[in-house]
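Structural overview for review
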Amino acid sequence: MALRTSLLASTLYNTLTPAATCSRGIHKLSRLNKLCNFTGPADKDDDGWVKIIGYYGKDTAVHVGNVVKVTYKGRMYKAVITGLVRDRKDCPRFDTNNCVFINDKHEPLGTRISGPVSLKLRKYGKYNKLLSLCTEFY
């Protein structure tokens with residue numbers, strides 16, 4: 001009887017832990033929504049989702065303001081995370097996981113940003129051009 005309840009408890013624990021670990025950020029192969037009007041290559045027809053394929057830095061969980069390597073329409077780009085569904089307690093929550101494509105100088109590749117951006121990006125100081133294109137802040 002004790003073995004059966006411990007097995008049931010471990011099964012219940014294993015089903016609940018992924019939701020508990022999501023509060024630490026998002027991980028590789030997570031899908032993001034792009035906020036900029038950057039279209040990418042015209043020769044590829046894809047579903048339009050952006051997927052994380054790598055990190056810049058030692059942290060393996062991504063938070064608002066981190067730069068990540070993403071894939072979009074079969075090509076690799078750099079992107080900055082501008083909003084997450086579940087993040088730390090000091091950052092607002094969003095409906096979707098959002099990103100904006102950037103170049104090596106931390107300037108956005110698009111000319112417009114169509115959604116809300118976290119005000120936490122202001123503390124980094126290197127996203128001034130990106131913040132100037134935004135119309136909504138949280």
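What you see is a predicted model; the values in this text were computed from it and never measured.

In terms of regular secondary structure, the chain is built from two helices and seven strands. In the chain, once contacts between residues fewer than 6 apart in sequence are set aside, the share between residues at least 24 apart is 45%. Of the roughly 8,700 Å² of accessible surface on the chain, 54% is carried by carbon and sulfur atoms.

Phi at Lys-73 is positive, roughly 55 degrees, even though this residue is not glycine. Considering the arrangement of structural elements, one finds Lys-73 in the loop between β3 (67–72) and β4 (75–83). The backbone of His-106 sits at a positive phi, close to 65 degrees, despite the residue not being glycine. Here His-106 shows up in the loop between β5 (98–102) and β6 (116–117).

The biggest cluster of nonpolar side chains holds 29 residues, and the ones touching the most others in it are Leu-32, Val-70, Phe-101, Val-117, Leu-121 and Leu-130. For this core, the secondary-structure elements that each account for two or more residues are β2 (50–55), β3, β4, β5 and α2 (128–133). For Leu-130, the residues in contact, after removing those within four places along its chain, are Val-80, Val-100, Ile-102, Pro-108, Ile-113, Val-117 and Leu-121.

Moving on, we come to the packing of aromatic side chains. One pass over the structure, following the stated rule, counts four aromatic pairs. Their ring planes at 45 degrees and their centres at 5.2 Å tell us that Tyr-77 and Phe-101 sit as a pair that is tilted. With Tyr-77 in strand β4 and Phe-101 in strand β5, this residue pair connects regions lying 24 residues apart in the sequence. In this structure, Tyr-77 and Phe-101 share a single accessibility class: buried. Joined through ring pairs, the aromatic side chains of Phe-38, Tyr-72, Tyr-77 and Phe-101 make up one cluster. Across from the ring centre of Trp-49, 4.1 Å away, lies the NZ or CZ of Arg-31, which sits over that ring. The ring centre of Tyr-56 lies 5.0 Å from the NZ or CZ of Lys-78, which sits over that ring.

Within the structure shown, the criterion is met by one salt bridge. As a salt-bridge pair, Asp-104 and Lys-78 come within 3.3 Å of each other at their nearest N and O atoms. Here Asp-104 is found in the loop between β5 and β6, whereas its partner Lys-78 is found in strand β4, with 26 residues between them in sequence.

With that out of the way, let us pick up the sheet that holds β5. As summarised here, the arrangement of the five strands in space is β1-β2-β3-β4-β5, forming a closed barrel in which the pairing is mixed. On average, each strand axis in the sheet is tilted by 55 degrees relative to the strand beside it, whichever way the strands run.

Right, let's get into the confidence of the model for the chain. Of the residues in the chain, 73% reach a pLDDT of 70 or more, and the chain-wide mean stands at 75. For residues 1–23, every residue scores under 50 in pLDDT, and the model assigns this stretch six contacts once sequence neighbours within four places are set aside.

The residue Leu-119 is located in the loop between β6 and α2 in this model. Linking Leu-119 and Thr-82, residues 37 residues apart in sequence, is a C-alpha distance of 8.8 Å. For Leu-119, the residues in contact, after removing those within four places along its chain, are Phe-137 and Tyr-138.

Criteria and cut-off values
Residues numbered from 1 in each chain as written. Predicted model: local features only at pLDDT ≥ 70, side-chain atom pairs only at ≥ 80, totals over all residues. Heavy atoms only, no water. Helix = DSSP H or I, 4+ residues; strand = E, 2+ residues; numbered from the N terminus. Contact = heavy atoms within 4.5 Å. Areas by Shrake-Rupley, 256 points an atom, 1.4 Å probe, with all protein chains shown as cover. Core = buried A, V, L, I, M, F, W, Y, C linked by side-chain atoms within 4.5 Å. Buried < 20%, exposed > 50% of the residue type's maximum accessible area, 1.4 Å probe, protein only. Phe/Tyr/Trp six-rings, centres within 6.5 Å; stacked < 30°, edge-to-face > 60°. Lys NZ or Arg CZ within 6 Å of the ring centre and 35° of its normal. Salt bridge = Lys/Arg side-chain N within 4 Å of Asp/Glu carboxyl O. Pairing = 2+ DSSP bridges. Axes fitted to C-alpha atoms, helices over the stretch in contact; angles between N-to-C directions. pLDDT = per-residue confidence, 0-100.

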